[in-house]
Amino acid sequence: MQITEIYKSLQGESTYAGLPCVFVRLTGCNLRCSWCDSEYTFQGGHKMAVEEVRNEVRHLSPLGGLVEITGGEPMLQEREVVPLMQRLLEDSYTVLLETSGERPLERVPAAVIKIVDVKCPNSGEADTFRMENLETLASRDEIKFVLSGRADYEFARDFTERHRLAERVNAVLFSPAFSKDAAGARDSSHCLLDPQELAEWMIADNVRARLGLQLHKFIWDPALKGV
Ligand code: SF4
């Protein structure tokens, strides 16, 4: 499979935020979200066999723990990424899969925790979520909406209610988008939607979702890769 990078850091998003985690970042994406901070994954990378990736994960985290399969869009390499996830589960890792949900998710092993990033209007990739994937979601999975304005918030709020997401999954996450050109200050000034404003909307509507901030952008310089 084509790999951009494998590294160990802290998980920055989801209900697993703050935990040490190995990231396996695959190359390539079929979407072009306006605020994407992973454009460096669109091309390049290097080929690695499933066993080579497995060995690198073992090297970085020999005592087990959390592994996130991310990208890019990892499910574009389904033929190899599904066996990789199976091997990592056999090695007793907790495996997270970060995906846009544009590709079919039926073949993802049941024990993998899917974190599905449903695209909102301002991303420029609205309506790319494959609705059949709702049926693949289970109580361990999480759905994330990255928001950069009121239209995104209303889309996420209405989608959450219409499809009863809070009853389907472990967590529904509303997360302010971060400027992809952010550098220097490690604070919310780089958020494209003020977290305080988002919090006030969520409280007013009593939404069944939790506010999520990208923890790693507040720990390290937002321009830093591989953290
Ligand atoms: S799906 Fe993810 S990697 Fe692909 S363009 Fe959107 S944010 Fe970037």
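Residues numbered from 1 in each chain as written. Predicted model: local features only at pLDDT ≥ 70, side-chain atom pairs only at ≥ 80, totals over all residues. Heavy atoms only, no water.

### Regarding unusual backbone geometry
For residues besides glycine, phi is generally negative; the peptide bonds are generally trans as well. Stated formally: To qualify as a helix, a DSSP run of H or I must reach at least 4 residues; to qualify as a strand, a run of E must reach at least 2; elements of each kind are numbered from the N terminus. Buried residues are those whose accessible area, probed at 1.4 Å on protein chains only, stays under 20% of the maximum for their type, while exposed residues exceed 50% and partly exposed ones sit between those limits.
Residue Gly72 is bonded to the preceding Gly71 through a cis peptide linkage, with omega at 10 degrees. Residue Ser14 is not a glycine yet carries a positive backbone phi of 75 degrees. For Ser14, the location among the structural elements is in the loop between β1 (2-10) and β2 (20-26). We classify Ser14 as buried; its relative accessible area is 13%. A positive phi angle is found at Ser92, which is not glycine, with a value near 70 degrees.

### Here we look at the site of the ligand
Heads up, the rule is: Near is defined per residue: the residue qualifies when any heavy atom it owns lies within 4 Å of the molecule or strand. In this classification, Asp, Glu, Lys and Arg are treated as charged, Ala, Val, Leu, Ile, Met, Phe, Trp, Tyr, Cys and Pro as nonpolar, and every other residue, Gly included, as polar.
For the ligand, the full set of nearby residues is Cys29, Leu31, Arg32, Cys33, Trp35, Cys36, Phe42, Gly72 and Lys119. Along the lines of polarity and charge, the residues of the shell around the ligand split into six nonpolar, one polar and two charged.

### Focus: the pattern of salt bridges
Cut-off, in case you're wondering: For salt bridges, the criterion is a side-chain nitrogen of Lys or Arg within 4 Å of an Asp or Glu carboxyl oxygen.
In total, this model carries 20 salt bridges according to the counting rule given. Across the salt bridge formed by Glu102 and Arg103, the nearest N and O atoms sit 2.8 Å from each other. With its nearest N and O atoms 3.6 Å apart, the salt bridge here joins Glu167 to Arg164. For Arg164, a relative accessible area of 54% puts it in the exposed group. Overlapping salt bridges bring together Glu51, Arg54, Arg58 and Asp91 as one network.

Just distances and angles here, no functional claims.
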